Structure formats: C-alpha cells, structure tokens
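# What the coordinates show
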Amino acid sequence: MKNNDINSSTHHETLTATALGWVDEATDAMALPLRPSTSFLRDPNQLDRAGRIFTRDDNPTFLQPEALINKLEGGIGCLLYASGMAAITSIFQRLQPGDHVVLPKLVYSGLRDWINTHGVRWGLQVTYLEDDGEALQQAMRPGQTKLVWLETPSNPTWQITDIAAAAAVAHDAGALVAIDNTVSTPILTRPIEHGADIVVHSCSKYMNGHGDLIAGATVVAPQHEAVFNELQQLRNEYGGVLGSFESWLLLRGMRTLSLRVKAVSESALLVAQFLQASDAIEEVMYPGLVSHPLHDVAAKQMSNGFGGMLSFRVKGGERAAKLLASKVRIFRQAISFGSTESVIEHRAGMEKPDTPTPRDLLRVSIGLEHVQDLIDDLQQALQAVTVER
Ligand SMILES: *Cc1c(COP(=O)(O)O)cnc(C)c1O
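Not measured: the values here are computed from a predicted model. (Residues numbered from 1 in each chain as written. Predicted model: local features only at pLDDT ≥ 70, side-chain atom pairs only at ≥ 80, totals over all residues. Heavy atoms only, no water.)

### Quick look at the packing of aromatic side chains
To keep things clear, this is the line we draw: Aromatic pairing here means that ring centres of Phe, Tyr or Trp (its six-membered ring) are within 6.5 Å. Orientation follows from the plane angle: under 30 degrees is stacked, over 60 is edge-to-face, and everything else is tilted. Strands here are runs of E lasting at least two residues and helices are runs of H or I lasting at least four, both read from the DSSP assignment and numbered beginning at the N terminus. The cut-offs for exposure are 20% and 50% of the maximum accessible area for each residue type, with area from a 1.4 Å probe on protein chains only; residues under the lower value are buried, those over the upper are exposed, and the others partly exposed.
Counting across every chain of the model gives four aromatic pairs. Considering the side-chain rings of Phe92 and Trp114, the 5.7 Å spacing of their centres and the 50 degrees angle between planes classify their relative orientation as tilted. In this pair, Phe92 is assigned in helix H3 (residues 84–93) and Trp114 in helix H4 (residues 109–121), connecting sequence segments 22 residues apart. Ring geometry for Tyr206 versus Phe337: centroids 5.8 Å apart, planes at 55 degrees, classification tilted. Linking Tyr206 in the loop between strand E8 (198–202) and strand E9 (216–220) with Phe337 in the loop between strand E12 (332–333) and strand E13 (343–346), this pair joins segments that are 131 residues apart in sequence. The same class applies to Tyr206 and to Phe337, which are both buried. Taken together, the ring pairs connect Phe92, Trp114 and Trp149 into an aromatic cluster.

### Some remarks on the environment of Ala320
Definition in use: The contact definition used throughout considers only heavy atoms, calling two residues in contact when any of these lie within 4.5 Å.
Within the element layout of this structure, Ala320 appears in helix H12 (residues 317–327). It is 10 Å that separates the C-alpha atoms of Ala320 and Arg359, two residues lying 39 residues apart in sequence. Discounting chain neighbours no more than four positions away, the residues touching Ala320 are Val314, Lys315, Val385 and Arg389.

### Quick look at the packing of H3 against H4
Any two packed helices are characterised by the angle at which their axes cross and by the distance between the axes. Our working rule: Throughout, an axis means a line fitted to C-alpha atoms (over the contacting stretch in the case of helices), and angles, computed between N-to-C directions, take values from 0 to 180 degrees. Every angle not falling under 35 degrees, over 145, or within 65 to 115 is termed oblique; those three ranges are roughly parallel, roughly antiparallel and roughly perpendicular. By convention, the crossing between two helices is left-handed when the near helix turns anticlockwise from the far helix through less than a right angle, and right-handed when the turn is clockwise.
Here H3 crosses H4 at 40 degrees, and the two axes come no closer than 11 Å. It follows from the interaxial angle that H3 and H4 lie oblique. Seen along the crossing, H3 lies across H4 with a hand that is right-handed. Residue-level contacts link Met85, Ile88, Thr89 and Phe92 of H3 to Gly110, Leu111, Trp114 and Ile115 of H4.

### Focus on unusual backbone geometry
The residue after Thr152, namely Pro153, is reached through a cis peptide bond having omega -10 degrees. With respect to the element layout, Pro153 can be found in the loop between strand E6 (145–151) and helix H6 (163–172). Even without being glycine, Leu20 reaches a positive phi, approximately 70 degrees. What makes Leu20 buried here is its relative accessible area of 1%. A positive phi angle is found at Thr185, which is not glycine, with a value near 65 degrees. Within the fold, Thr185 resides in helix H7 (residues 185–188). With a relative accessible area of 0%, Thr185 lands in the buried category.

### Thoughts on the sheet that holds strand E11 (residues 309–314)
As a reminder, the rule being used: Pairing between two strands is assigned when DSSP locates at least 2 bridges connecting them.
Judged by pairing direction, the sheet is mixed, and its five strands sit side by side in the order E10-E11-E14-E13-E12 without closing on themselves. Because the sheet does not close on itself, it has two edges, and the strands there are strand E10 (281–285) and E12. Inspection of the sheet shows E12 paired to E13 by two bridges, in the parallel sense. Within E13, the position partnered with Arg332 by the bridge is Val343. In this fold helix H10 (residues 257–276) packs onto E10 and E11, with an angle of close to 10 degrees to the strand it touches most, E11.

Interpretation note: all reported values are geometric properties and have no functional meaning in isolation.
Dropping the structure here:
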C-alpha cells in the first residue's frame with residue numbers, strides 16, 4: 001500500500017477524508033479492496049511469505065481503519081474487534097483475580113452488567129464512584145488498583161470527568177486509565193493527550209456513523225507497547241476479531257467522521273438550548289450548556305463541539321417521559337446512537353431494574369436532519385404531552 005504522506009497532516013478533516021491516503025499497490029485503486037481470505041500462503045519452506053498466517057491474528061483489511069483510528073487518537077497501535085463490548089472486555093481480561101478496578105456508577109450499562117456478573121465471578125474487586133474528583137482519590141488502593149475506567153461524557157447523564165486530573169490520581173496509585181471515547185470520538189477529545197493509557201471505542205456508533213455495523217476498537221498510548229502486545233494476543237486467543245467486510249465498511253463510514261461529528265454537535269447545542277427554555281422540562285443534561293456543572297472542564301478537554309448526545313428529564317415523571325417519546329415523528333424511538341438519523345429513548349426502561357438512571361430521563365442522539373425539523377418535532381410532542389396531562 002502506497003501512502004501519500006497525508007500522515008504528516010494533523011488535521012482530522014484531512015486524515016478522515018483521505019483515510020490516510022492509502023492506495024492499493026497492485027492496482028492503484030484509491031479505495032482499498034476488501035480481502036476476506038482466512039489464511040495466507042506459505043513458501044516451500046513453510047515460512048509465511050507476507051508475515052501473515054490466519055485472519056484471527058491479522059487481516060490486511062484491518063490495517064487502514066486501525067491506522068486511521070490510531071492516528072486520530074495518537075496511540076502506538078489500534079486493534080479492531082467484533083463489537084465495542086469485545087474491545088471493552090479485552091481490557092478487563094488483562095487483569096488478574098483480586099485486582100481492583102474503579103469505575104463510575106453511571107457508565108455504559110452493558111459494562112456495568114458485565115462487571116457485576118462476569119467481572120465479579122472472575123474475582124475482580126470493584127468500586128463504583130458516585131462522582132469524580134475526591135471520590136476517585138478515596139477509592140484508590142495503591143498497588144491493588146490496576147485500572148480506572150472512565151467515560152466522558154458518560155452515559156446517559158453526560159457527566160464530565162477531568163481526564164488529566166483523574167490520570168494523575170490513578171498513576172500515583174500505579175493504575176492505568178482507560179477511557180471509553182465512544183461518545184466524544186477523537187474529533188472532540190483525544191484522551192491520550194490528557195494522560196489516558198488506553199482508549200476504547202464502540203465503532204458501532206459515530207465511528208461508522210451509519211447504523212449498519214457492530215464493531216469495536218482499542219488504542220494504546222505510545223509508552224505502553226507491552227500492553228498493546230498483550231491485547232493483540234488476547235484478541236487472537238479469545239477470538240473477538242472483526243470481520244473483513246465490517247472493517248472495510250467501517251473505513252468507508254469514517255471518511256465522513258469529522259463532518260458528521262461537527263454537524264451533530266452544532267445541532268445538539270441548539271436542541272439543548274431549546275429544551276432548556278421549555279417549561280415542561282425538569283433538567284437538560286448536555287456538556288455544551290454553560291449551566292452544565294462541569295462545562296469548564298468539558299470546554300478544556302473537548303474541541304470542535306460537545307457531541308451529539310443529550311438527555312433531559314420530563315416534568316410529570318416516567319409516564320410523561322414515555323408519552324413524549326411516543327409522540328415524536330422525526331426522532332425514532334430506538335436504542336443506540338451516532339447514526340445519521342435522530343433517535344430518542346426512555347433509557348431506564350432499557351436497563352436492568354436496579355439501574356441508577358432517572359426514570360423520567362429521555363436520551364437523545366442528534367442526527368443529520370435539519371435542526372429546525374428536530375426542534376419542531378420536540379415542540380409538537382411537548383405540546384401533545386401537556387394536553388394529555
Ligand atoms: C454501545 C456502547 C458500547 C458497546 O458497544 P457495542 O458495539 O454495542 O458492543 C460501549 N460503550 C459505549 C459508551 C456505548 O455507547
């Protein structure tokens with residue numbers, strides 16, 4: 001694969017639009033071919049001719065999306081996985097029984113559920129944080145705490161964690177910091193720059209951006225080559241590798257990542273401001289609002305916007321929230337986020353009964369529709385709810 005030196009650009013618009021400028025050596029094709037081969041030919045002496053054996057270890061189709069994500073995040077290497085959960089759990093699979101991990105109580109619910117069942121069964125000691133800052137310092141057990149897991153902005157209340165401050169506390173106690181960067185994407189936040197050791201993505205959301213594949217990725221900070229090698233071996237041995245077709249499709253989606261993330265961030269701020277001005281809304285949760293308790297921290301570690309995700313609590317409780325979600329016409333009532341179309345979800349209803357998510361909370365993913373259509377849609381739904389209440 002020839003490389004046009006686009007790597008020297010540090011602008012994410014150029015990096016994503018050109019997908020690093022790779023060109024197929026054999027044909028000069030500007031979109032690299034998909035290579036589904038399971039295995040790779042050996043020479044007469046049984047040696048691997050291309051340094052490849054089997055696609056569970058490695059496949060040439062992975063290389064360009066992995067290089068692009070790694071470049072955007074500023075790591076030593078990136079690995080693709082069959083899902084975000086496969087990427088996340090691989091970070092925990094590095095740990096030993098008895099190791100202590102710290103994570104926020106309000107975190108992606110799939111991870112919380114995994115920790116509470118499999119993580120605990122594996123022997124992990126777990127501390128859930130009520131909030132960041134002081135609580136993190138108190139939770140640390142120097143020598144025993146091996147991993148601090150953070151998500152910022154975090155699902156589904158969009159709390160912000162100061163990555164640099166958290167990394168200083170974690171590193172003091174000898175722990176690594178992993179950041180789930182699914183919501184921010186590297187267009188808004190580059191956690192490694194702020195001291196994170198590992199970055200994780202569900203590429204099923206913004207990275208692909210078209211709601212048509214499940215994938216995950218890990219990126220490791222430059223100083224942790226040994227961690228990268230370990231994760232690479234774990235991916236091979238647990239087998240949570242991405243399909244070559246999905247790798248190819250992911251790269252195609254990522255070419256518009258910058259454009260999409262900037263557009264949804266702009267619209268989300270306008271929608272958040274609209275909701276904040278409504279009498280029918282109890283609270284709007286969006287880090288781009290100056291009223292967000294950690295807006296300053298968000299502004300410090302995010303650039304190009306505050307993302308396309310926001311939540312709001314509806315006056316009238318769970319019943320009113322569910323009613324509102326049933327009245328929208330352009331927003332779709334569905335799970336997941338980061339696709340071209342806007343979705344709305346009564347989040348507590350999708351999580352386990354013991355979820356800490358407020359029951360009057362609706363989570364919204366802003367898409368690429370005209371923002372006035374989205375605001376009008378929410379307006380008519382709010383009116384319908386007020387009439388029926
Ligand atoms: C969706 C999601 C995951 C899980 O990713 P999958 O690709 O669905 O396995 C992890 N973290 C966050 C923040 C997510 O939104």
